[in-house]
Amino acid sequence: MKSYQIKSETADRIRAAAESLGLVASDRREIVAPGVEVLHLEPFAAAKLETLRKAAKVSAEVMMNRIVGKVAR
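Bear in mind that the values here come from a model prediction, so they are computed numbers and not experimental data. (Residues numbered from 1 in each chain as written. Predicted model: local features only at pLDDT ≥ 70, side-chain atom pairs only at ≥ 80, totals over all residues. Heavy atoms only, no water.)

### Here we look at the side chain of Glu 61
So, point 1. By secondary structure assignment, the location of Glu 61 is in helix 3 (residues 60-72).
So, point 2. For the buried Glu 61, which has no salt bridge, the nearest side chain bearing the opposite charge is Lys 7, at an N-O separation of 4.7 Å.
So, point 3. Separated by 2.7 Å, the side chains of Glu 61 and Thr 10 make a polar contact.
So, point 4. With residues near it in sequence (within four places) discarded, Glu 61 still touches Gln 5, Ile 6, Lys 7 and Thr 10. (Helix = DSSP H or I, 4+ residues; strand = E, 2+ residues; numbered from the N terminus. Buried < 20%, exposed > 50% of the residue type's maximum accessible area, 1.4 Å probe, protein only. Lys, Arg positive; Asp, Glu negative; His and termini not counted. Salt bridge = Lys/Arg side-chain N within 4 Å of Asp/Glu carboxyl O. Polar contact = N/O pair within 3.5 Å; in protein donor to acceptor, adjacent residues only side chain to side chain. Contact = heavy atoms within 4.5 Å.)

### Some remarks on the sheet that holds strand 2 (residues 31-33)
So, point 1. Strand order in the open sheet made by the three strands is 1-3-2, with antiparallel pairing throughout. The strands lining the two open edges of the sheet, one partner per strand, are strand 1 (2-7) and strand 2. In this sheet, neighbouring strand axes are inclined to one another by 40° on average, regardless of whether the strands run parallel or antiparallel.
So, point 2. Sheet topology places strand 1 next to strand 3 (residues 36-41); six bridges connect them, and they run antiparallel. Bridging from a neighbouring strand, Ser 3 pairs with His 40 of strand 3.
So, point 3. Strand contacts of helix 1 (residues 8-17): strand 1 and strand 3, with the helix running at about 110° to strand 1, the strand carrying the most contacts. (Pairing = 2+ DSSP bridges. Axes fitted to C-alpha atoms, helices over the stretch in contact; angles between N-to-C directions.)

### Some words on the pattern of salt bridges
So, point 1. Per the counting criterion, the structure on display carries six salt bridges.
So, point 2. The shortest N-O distance in the salt bridge between Arg 29 and Glu 37 comes to 2.9 Å.
So, point 3. If you follow the salt bridges from partner to partner, you end up with Asp 12, Arg 15, Arg 29 and Glu 37 in one network.

### Considerations on the environment of Ala 16
So, point 1. As for its placement among the helices and strands, Ala 16 is situated in helix 1.
So, point 2. The sequence separation of Ala 16 and Val 68 amounts to 52 residues, and the corresponding C-alpha distance is 8.9 Å.

### Some details on the nonpolar core
So, point 1. Ranked by internal contacts, the top residues of the largest apolar core, which has 14 residues, are Tyr 4, Ile 6, Ile 14, Leu 39, Leu 41, Leu 49 and Met 64.
So, point 2. When residues of this core are traced back to their parent elements, those giving at least two are strand 1, helix 1, strand 3, helix 2 (43-56) and helix 3.
So, point 3. Ile 6 has contacts with Ala 11, Ile 14, Gly 35, Val 36, Glu 37, Leu 39, Glu 61 and Met 64, leaving out every residue within four places of it along the chain. (Core = buried A, V, L, I, M, F, W, Y, C linked by side-chain atoms within 4.5 Å.)

### Quick word on unusual backbone geometry
What is expected of a backbone is that most residues other than glycine have negative phi and most peptide bonds are trans.
So, point 1. Even without glycine at this site, Lys 57 takes up a positive phi of about 60°.
So, point 2. On the secondary structure map, Lys 57 appears in the loop between helix 2 and helix 3.

Take it as geometry only, folks, not as evidence of what the structure does.
Now the structure itself:
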């Protein structure tokens, strides 16, 4: 599994949109610092995220927010 450190507010947005994205959100939060959590992705999902983010030349967190933003509309 690939792990990303993201802001807690981004993690909350992902949890809210998880069902729409076909994901299952964990009830457990892995807080590594104030306002920062760890997100674990399966290898295929991580590879897809990496491909999208590299093409857009943005950070993983920015790409996650873009994906969740499109689902929330």
